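Survey of secondary and tertiary structure
Here's the letter readout for the chains.
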Amino acid sequence: MSPQPTTRTTYAALLRGINVGGNKKVPMAELRAVMERLGHGDVRTYLQSGNAVFLSTERSPDTLARQLEAAIEAHFGFRVPCLVVDGPHLRAVAEACPFPAAELEGKQLHVMFLSAQPSPERYTAIDAQAFLPEEFRLGDRVVYLYAPGGLGTSKLGEVLHRPALLKGLDATTRNWNTVVKLVELTRD
C-alpha cells in the first residue's frame, strides 16, 4: 500500500512587536530559515513587521503558533507572541469587514487579530461615542478598527490594546493593506 498524500495548508504567521524601534530584531531571512527548519514549506515573508506565509501539514494553528514561538525564542533569545491563521480565515475576515474598506485608505482601517474569541461583554465599558469618528466592531477572533488619522494617533486604538482589555489573549494588529496582501499570498 502506498502512503496517503499529505495535504498541506497555507497559513500566515503574524508576529507581534518585532523590528519596532530597534527592539526585538528579527531579520526576515533568519525568520524564514527558522520556519524552514520547523519543516514548513514555501516560506515567504511580507514587510519587516513579522508577516510570514507558509505551507504546513499541521492542522492546528495554535500548535503552529506555539512551535514558532519556541523556535524564535531558541534562535533569537527572546519571546515573540505569534498568531497563526489559515487562508480561509483571512479571506473570511476581509469579506466580513463592517467598514467600507474599498472607500478608505489602508492606514485608516486596521484588524486586530486575537488568539481566541472574546465575549462582547469585555468591550461594554468602552464609551464608543467618546471616540467618534473612530469606531470598532467585533468579528470572528478579530477587532476591526476604523481610525481616520491612522493607528499611531488613535485614542480608541490605545484603549483596545490595553492589557486589562486583552487579558488572556494574544493580539497583533495589521493595517488593511497588509490584510489584503496576506489574503492574496495565502490563496490556495
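In short, a report on the structure. (Residues numbered from 1 in each chain as written. Predicted model: local features only at pLDDT ≥ 70, side-chain atom pairs only at ≥ 80, totals over all residues. Heavy atoms only, no water.)

Pairing is antiparallel across the open sheet formed by four strands, whose spatial order is S2-S3-S1-S4. Looking along the sheet, the strands with just one partner apiece sit at the ends: strand S2 (41-46) and strand S4 (82-86). Going from strand to strand, the sheet's axes swing by 25 degrees on average, the running direction of each strand aside. Here helix H3 (residues 87-95) sits on the sheet and contacts strand S1 (9-15) and S4; the angle it forms with S4, its principal contact strand, is near 85 degrees. (Pairing = 2+ DSSP bridges. Helix = DSSP H or I, 4+ residues; strand = E, 2+ residues; numbered from the N terminus. Axes fitted to C-alpha atoms, helices over the stretch in contact; angles between N-to-C directions. Contact = heavy atoms within 4.5 Å.)

Relative to the assigned elements, His89 resides in helix H3. Not counting the four nearest positions on each side in its chain, His89 is found in contact with Asp140, Arg141 and Val142.

Moving on, we come to the environment of Val53. Position of Val53 relative to the elements: it lies in strand S3 (residues 51-56). Spatially, the C-alpha atom of Val53 lies 7.7 Å from that of Leu182, the residues being 129 residues apart in sequence. When neighbours within four sequence positions are excluded, Val53 is seen to be in contact with Thr10, Tyr11, Ala12, Asp42, Val43, Arg44, Leu182, Leu185 and Thr186.

Grouped burial of nonpolar side chains is what soluble globular proteins tend to show. Ranked by internal contacts, the top residues of the largest apolar core, which has 22 residues, are Ala13, Leu15, Leu31, Met35, Phe54, Leu68 and Ile72. At the level of elements, S1, helix H1 (28-37), S3, helix H2 (61-76) and S4 are the ones that each hand at least two residues to this core. With near-sequence residues (within four places) excluded, Phe54 lies in contact with Thr9, Thr10, Tyr11, Ala12, Ala13, Met35, His40, Gly41, Asp42, Val43, Leu64 and Val84. (Core = buried A, V, L, I, M, F, W, Y, C linked by side-chain atoms within 4.5 Å. Buried < 20%, exposed > 50% of the residue type's maximum accessible area, 1.4 Å probe, protein only.)

This paragraph deals with the pattern of salt bridges. By the definition in use, this model includes eight salt bridges. Between Arg79 and Glu69 there is a salt bridge; the shortest N-O distance is 3.6 Å. Residue Arg79 is located in the loop between H2 and S4, and its partner Glu69 is located in helix H2; the two are separated by 10 residues in the primary sequence. Owing to a relative accessible area of 40%, Arg79 belongs among the partly exposed residues under this scheme. Among the residues examined, Glu69 registers a relative accessible area of 7% and is labelled buried. Lys155 is the partner of Glu158 in a salt bridge, and the nearest nitrogen-oxygen pair spans 3.8 Å. Taken as a pair, Glu158 and Lys155 lie in helix H4 (residues 155-160) at a separation of three residues, close to a single helical turn. Ionic contacts of the salt-bridge type, sharing partners, join the residues Arg66, Glu69, Arg79 and Asp170 into one network. (Salt bridge = Lys/Arg side-chain N within 4 Å of Asp/Glu carboxyl O.)

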